[in-house]
Amino acid sequence: MLSMRVCVHGLGYIGMATASLFANNGHDVVGFDTDDRVRSQLKRGEPDVSEDQLESYVRAAIDSGLTISDEPVPAAYHIICVPTPYDKSAGSADLRYVKEASQTVSSLLRPNDVVVLESTVPPSTTATVVAPILSQSGLEPGEDIGLGYVPETMLPGNAITELRSNDRILGGYDSASTAAIKNLYEAVPTGSLNVAPDATTAEFVKLVQNAFRDVNIAYANALALIARDYGVNVRDAIELANSHPRVDILNPGPGVGGHCLPVDPFFLGANSDNTDLIDTARQVNQRMPHYVVDRLAEELGPLDDKTIAILGVAYKGNVDDTRNSPGLEIARTIVGAESEAPSLEPDRQDTTSLRLCDPYVSNSRYDLEPLSDALDGADAAVLATAHDEFADLSPERVGSLLDTRVIFDTLDVLDSEAWTEAGFDLLRI
Ligand SMILES: NC(=O)c1ccc[n+]([C@@H]2O[C@H](COP(=O)([O-])OP(=O)(O)OC[C@H]3O[C@@H](n4cnc5c(N)ncnc54)[C@H](O)[C@@H]3O)[C@@H](O)[C@H]2O)c1
Ligand SMILES: CC(=O)N[C@@H]1[C@@H](OP(=O)(O)OP(=O)(O)OC[C@H]2O[C@@H](n3ccc(=O)[nH]c3=O)[C@H](O)[C@@H]2O)O[C@H](CO)[C@@H](O)[C@@H]1O
């Protein structure tokens, strides 16, 4: 296989995995990130990730020649993996990093180089935002240089397996771009490479996949509320419904977190007013943390003078990412806090006392406590993240620490019989 020089722009979760994928498969890869801290950590061979497999995959790449550079370099292929946050106040995708990285690439371009955008973006970004910036180089996408969109779909928590095996969508700016990008991605182990008619379709499909999951979870959450009105256990009902060959409903939970599912569906609305279903699903999912707090208050009475332990501030089990975390949103709702770090709100002393605990998260801003300190003397525990450590909790241990035997198992990870037998009021969604 011919080794090609690839420059990866942005070495966060996706960029470092992507750079490692190409480096571990014989390419000459240079990784660049604008953040000094990220570069220094990677140069030391210490990627900032909680997934063991991903960490050793990145370490292996660094050992086998992935170069972390303080400057971006000219390369046959530039891959852009920068953040695309959602700007809530503007109601649109913040494309500043994509624009910055495109400017940087533009200044390095030579004839026949190829640029690939991997960041999640609103449909038409490659054609209407990236292409005009690259043209400023004097080289035209589709004529002098290649350009296309290849979304990343690996699942946090199962990153390496999915990086290597998920099918990929590829949308080229023109057919020559598609062929050049195919050449690059076909030389590394991934699932099949499915060619979209154009880059806009590929961008659209990436968003469609995440919006589909968000809508499906919203359906499960909506069912949970309806099922309660009928005294039906929603998980039993969903399991039975899913025995039909054409029904596949996901699981209800305390809300949908992470920086993909709660954000990407909004990108579909960038240039469309026809997103009612998708917007409603978002609202259903956004209401779930509030529903959890309402149910807790139904059980305990006013929460003002109570101490509540929140078990889990990561957005899902066995990861350390707290972005859009349902656990944090539950905490904020309980104390009426606005800030990112609810337990540190200055005026919370007169309100409910919160204890936050998460064995995966090291962020000191959240004032996290070890499990036994969080539970000690609390009036209730809310299990908000399905970490393995929480699923393994024993009712005897938790019961000996809590003041009142109340636990809200929002993700249905505990053995309800064992906990009820141990005298717990076990709440479930
Ligand atoms: N994390 C996921 O699970 C996932 C999955 C699929 C797609 N995505 C998408 O991939 C993109 C990257 O996500 P991420 O999770 O890796 O983000 P991240 O925040 O972990 O990393 C992005 C990195 O880009 C760097 N950066 C910013 N501007 C730059 C520039 N101009 N040049 C070079 N580096 C720059 C930042 O310093 C940061 O280290 C986003 O669009 C995201 O939506 C993420
Ligand atoms: C289409 C798809 O699969 N996309 C994945 C997704 O990754 P993710 O980690 O964000 O996805 P999830 O694991 O679904 O978690 C999200 C939240 O939904 C909650 N949840 C989940 C299942 C359920 O039945 N009920 C729930 O309530 C869960 O607790 C958590 O809060 O986006 C990435 C970036 O684009 C993709 O790369 C990746 O492929």
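Residue positions are given per chain, counting from 1 as you read along its sequence in written order. Here chains are named by letter from A upward and ligands by number from 1 upward, in the order in which they appear as written. Local features are withheld for residues below a pLDDT of 70 in this predicted model, meaning they are given only at 70 or higher, and side-chain atom pairs are given and counted only at 80 or more; totals for whole chains, interfaces and linings count all residues. Side-chain metrics rest on all non-hydrogen atoms present in the structure, leaving aside hydrogens and water.

**Thoughts on the sheet that holds strand E11 (residues 307-311)**
Here, a strand pair is defined by DSSP locating no fewer than two bridges between the strands. Going along the chain from the N terminus, every DSSP run of H or I of four or more residues is numbered as a helix, and every run of E of two or more is numbered as a strand. Pairing within the open sheet is parallel, and its five strands lie in the order E12-E11-E13-E14-E15. The open sheet is flanked by strand E12 (353-357) and strand E15 (425-428), the only strands paired with a single partner. Direction aside, the axes of adjacent strands within the sheet are offset by 20° on average. With five bridges connecting them, E11 and E12 associate as parallel partners. Opposite Thr307, over in E12, you have Ser353 as the bridge partner. Interaxial angles span 0 to 180 degrees and are taken between N-to-C directions of axes, which are lines fitted to C-alpha atoms, for helices over the stretch in contact.

**Brief notes about helix H5 (residues 125-135)**
Every buried residue of H5 is listed here: Thr125, Thr126, Val129, Val130, Ala131, Ile133 and Leu134. Elements that come into contact with the buried residues of H5 comprise helix H4 (96-108), strand E7 (114-117), strand E8 (146-149) and helix H8 (199-229). Whether a residue is buried, partly exposed or exposed follows from its accessible area with a 1.4 Å probe, protein chains only, as a fraction of its type maximum: under 20%, in between, or over 50%, in that order. Only heavy atoms enter the contact rule, under which two residues are in contact if any of them lie within 4.5 Å.

**Let's talk about the site of ligand 1**
Near, as used in this document, describes a residue that has one of its heavy atoms within 4 Å of the molecule or strand being considered. Residues in contact with ligand 1 amount to 25 residues; listed here are only the nearest, Ile14, Asp33, Thr84, Thr120 and His259. Any N or O atom pair separated by 3.5 Å or less is treated as a polar contact, with the protein-specific requirement of one donor-capable and one acceptor-capable atom, and with residues adjacent in sequence counted only for side-chain atom pairs. Tyr13 is positioned such that a nitrogen or oxygen atom in its backbone is 3.2 Å from an oxygen atom of ligand 1. Each accessible area is a Shrake-Rupley result for a 1.4 Å probe, and residues are judged covered by the shown protein chains and nothing else. Here ligand 1, which alone exposes 840 Å², has 90% of that area covered by the protein. When residues of the shell around ligand 1 are assigned to their parent elements, the largest contribution, three residues, is made by H4. Residue polarity follows a fixed list, in which Ala, Val, Leu, Ile, Met, Phe, Trp, Tyr, Cys and Pro are nonpolar, Asp, Glu, Lys and Arg are charged, and the others, Gly among them, are polar. Tallied by class, residues from the shell around ligand 1 come to eleven nonpolar, eight polar and six charged.

**Quick word on helix H12 (residues 326-335)**
With eight of ten residues buried, H12 lies mostly within the body of the structure. Among the residues of H12, Pro326, Gly327, Leu328, Ile330, Ala331, Arg332, Ile334 and Val335 are the ones counted as buried. Buried-residue contacts for H12 involve helix H11 (276-300), E11, E12 and strand E13 (380-383). The first or second residue beyond H12 is Gly336, which carries a positive phi of 65°.

**Digging into the packing of H11 against H12**
Remark: H11 packs on H12, axes separated minimally by 8 Å, with the N-to-C direction vectors making an angle of 55°. Regarding the angle of H11 to H12, the classification is oblique. Here the hand of the crossing between H11 and H12 comes out right-handed. For the pair H11 and H12, contact is made by Pro289, His290, Val292, Val293 and Leu296 and by Pro326, Glu329, Ile330, Thr333 and Ile334, respectively. Roughly parallel refers to an angle under 35 degrees, roughly antiparallel to one over 145, roughly perpendicular to one between 65 and 115, and oblique to any angle outside these ranges. By the definition used in this description, the sense in which the near helix is turned from the far one sets the handedness, with an anticlockwise turn below a right angle giving left-handed and a clockwise turn giving right-handed.

**Some thoughts on the confidence of the model for the protein**
It should be kept in mind that the predicted coordinates are not to be read in detail where pLDDT is low. One confidence number per residue, pLDDT, is output by the predictor and ranges from 0 to 100. For the protein, per-residue confidence averages 95 on the pLDDT scale, and residues scoring 70 or more make up 97% of the total. Among the prediction metrics, the complex's ipTM stands at 0.98, with pTM recorded as 0.95.

**Let's talk about the packing of aromatic side chains**
Note on aromatic pairs: the rings of Phe, Tyr and Trp (six-membered ring only in Trp) are paired at centre separations within 6.5 Å, and the planes decide the class, stacked below 30 degrees, edge-to-face beyond 60, tilted for the rest. On inspection of all chains with the given rule, the structure shows four aromatic pairs. For the ring pair Trp419 and Phe424, a centre distance of 4.9 Å and an interplane angle of 65° mean the geometry is edge-to-face. Taken together through their ring pairs, the aromatic side chains of Tyr86, Phe266 and Phe267 make up a single cluster.

**Points about a nonpolar patch on the surface**
Excluding any residue in a salt bridge, patches collect residues exceeding 30% relative accessible area, merging like charges within 9 Å and nonpolar Val, Leu, Ile, Met, Phe, Trp and Tyr side chains within 5 Å. Every case where a carboxyl oxygen of Asp or Glu lies within 4 Å of a side-chain nitrogen of Lys or Arg is listed as a salt bridge. Side chains of Ile226, Tyr230 and Val232 sit close together on the surface and give an oily, nonpolar patch of about 340 Å² of accessible area. Inspection of the secondary structure assignment puts Val232 in the loop between H8 and helix H9 (234-241). Val232 sits in the partly exposed class, given a relative accessible area of 42%.

**Quick word on the sheet that holds strand E1 (residues 5-9)**
Pairing within the open sheet is mixed, and its eight strands lie in the order E3-E2-E1-E4-E7-E8-E9-E10. Each edge of the open sheet is held by one strand with a lone partner, namely strand E3 (67-69) and strand E10 (193-195). Shown here is a sheet whose adjacent strand axes are inclined to one another by a mean of 25°, direction ignored. In this structure, E1 lies alongside strand E2 (residues 28-32), joined through five bridges in parallel fashion. Directly across from Arg5, in E2, lies its bridge partner Asp28. Taken strand by strand, H4 contacts E1, strand E4 (77-80) and E7, and its axis lies near 170° from that of E4.

**Examining the nonpolar core**
Of all hydrophobic cores here, the largest spans 37 residues; its most connected members are Ile79 and Tyr185. For this core, the secondary-structure elements that each account for two or more residues are E1, helix H1 (13-23), helix H2 (36-43), helix H3 (52-63), E4, E7, helix H6 (159-165) and helix H7 (175-185). Among the elements that line this core, the one with the most residues is H1, at six residues. Ignoring anything within four residues of it in the chain, the contact list for Tyr185 reads Phe22, Ile79, Val116, Glu118, Val150, Arg168, Thr190 and Leu193. With 36 residues, the next largest nonpolar core counts Ile249, Ile334, Ala337 and Val406 among its residues. In these notes, a set of buried Ala, Val, Leu, Ile, Met, Phe, Trp, Tyr and Cys residues joined through side-chain atoms within 4.5 Å is what counts as a nonpolar core.

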